[in-house]
Amino acid sequence: MNVISALKRTKQLVESSESTFWSHLTVEEITHQLQLAISAIEAGERADLEELSLLYAPTGAIQDTSIDNGWGSEFLELAIVVDSYVGKAKQ
């Protein structure tokens with residue numbers, strides 16, 4: 001799976017989720033940030049690496065949302081792909 005696929009799958013899962021008390025961002029805010037990243041990468045640009053790192057961080061907005069909405073295990077798989085992208089882009 002490539003980073004665009006991982007971001008799009010995450011966005012799809014977030015859009016079908018309810019906002020959670022534990023997340024500092026709402027579903028709508030997370031979705032917006034994911035779309036910005038997708039658009040940047042599809043345009044041949046680099047996504048905001050700090051934003052992606054925060055979104056996908058342990059106990060970050062997406063993980064909190066995923067756990068409360070029953071897709072925590074899939075989040076972990078998607079986070080590996082995104083973390084790899086961020087790591088390579090920072091080099």
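Cut-offs applied
- Residues numbered from 1 in each chain as written.
- Predicted model: local features only at pLDDT ≥ 70, side-chain atom pairs only at ≥ 80, totals over all residues.
- Heavy atoms only, no water.
- Helix = DSSP H or I, 4+ residues; strand = E, 2+ residues; numbered from the N terminus.
- Buried < 20%, exposed > 50% of the residue type's maximum accessible area, 1.4 Å probe, protein only.
- Arc of directions from axis to C-beta.
- Contact = heavy atoms within 4.5 Å.
- Polar contact = N/O pair within 3.5 Å; in protein donor to acceptor, adjacent residues only side chain to side chain.
- Salt bridge = Lys/Arg side-chain N within 4 Å of Asp/Glu carboxyl O.
- Core = buried A, V, L, I, M, F, W, Y, C linked by side-chain atoms within 4.5 Å.

Engineer: Would you mind showing me how to read unusual backbone geometry here?
Structural biologist: Negative phi characterises most residues that are not glycine, and trans characterises most peptide bonds. Although it is not a glycine, T59 adopts a positive phi angle of roughly 60 degrees. Along the chain, T59 falls in the loop between α3 (49-56) and α4 (61-68).

Engineer: Would you mind showing me how to read α3 here?
Structural biologist: Along an α-helix, residues three or four apart share an orientation, since each turn contains 3.6 residues. Restricting attention to buried positions, one finds in α3 the residues L49, L52, L55 and Y56. In an axial view of α3, the angular spread of the buried residues amounts to 125 degrees, which keeps them on one side of the axis. Pointing more than 90 degrees away from the buried face of α3 are the exposed residues E50 and L54. Structurally, α3 contributes buried residues whose contacts are with α1 (3-15), α2 (27-42), α4 and α5 (72-90). Of the residues that open α3, the one with a side-chain oxygen 3.1 Å from the backbone nitrogen of E50 is D48.

Engineer: Hey, could you run me through the pattern of salt bridges in this one?
Structural biologist: Oppositely charged side chains can form a pair if their charged atoms are brought close together. Following the criterion strictly, the structure yields four salt bridges and no others. A salt bridge links R9 to E74, with the shortest nitrogen-to-oxygen separation between them at 2.7 Å. With R9 in helix α1 and E74 in helix α5, the pair connects residues that are 65 residues apart, well separated along the chain. Using a relative accessible area of 27% as the deciding quantity, one classes R9 as partly exposed.

Engineer: How should I be thinking about the side chain of K11 in this particular structure?
Structural biologist: Following the sequence through the fold, K11 ends up in helix α1. Classification of K11 by relative accessible area gives buried; the value is 18%. When neighbours within four sequence positions are excluded, K11 is seen to be in contact with T31, L34, Q35 and I38.

Engineer: Explain the nonpolar core to me, please; I cannot follow it from the model alone.
Structural biologist: One recurring pattern in soluble globular proteins: nonpolar side chains tend to sit buried together. Of all hydrophobic cores here, the largest spans 27 residues; its most connected members are L7, L34, L52, Y56, I62, V82 and Y85. For this core, the elements supplying multiple residues, two or more each, are α1, α2, α3, α4 and α5. When residues in this core are grouped by element, the largest group, seven residues, is from α5. Discounting chain neighbours no more than four positions away, the residues touching L52 are L7, A37, A47, V82, Y85 and V86.

Engineer: Sorry if this is basic, but what is going on with the environment of T65 here?
Structural biologist: Tracing the backbone through its elements, the reader meets T65 in helix α4. Among the residues examined, T65 registers a relative accessible area of 0% and is labelled buried. The spacing of T65 and S19 is 46 residues in sequence and 6.5 Å in space, taken between C-alpha atoms. Non-local contacts of T65, meaning those with residues more than four positions away in its chain, are made with S17, E18, T20, S23, V27, I30 and W71. At 2.8 Å, the side chain of T65 forms a polar contact with the backbone oxygen of A61.

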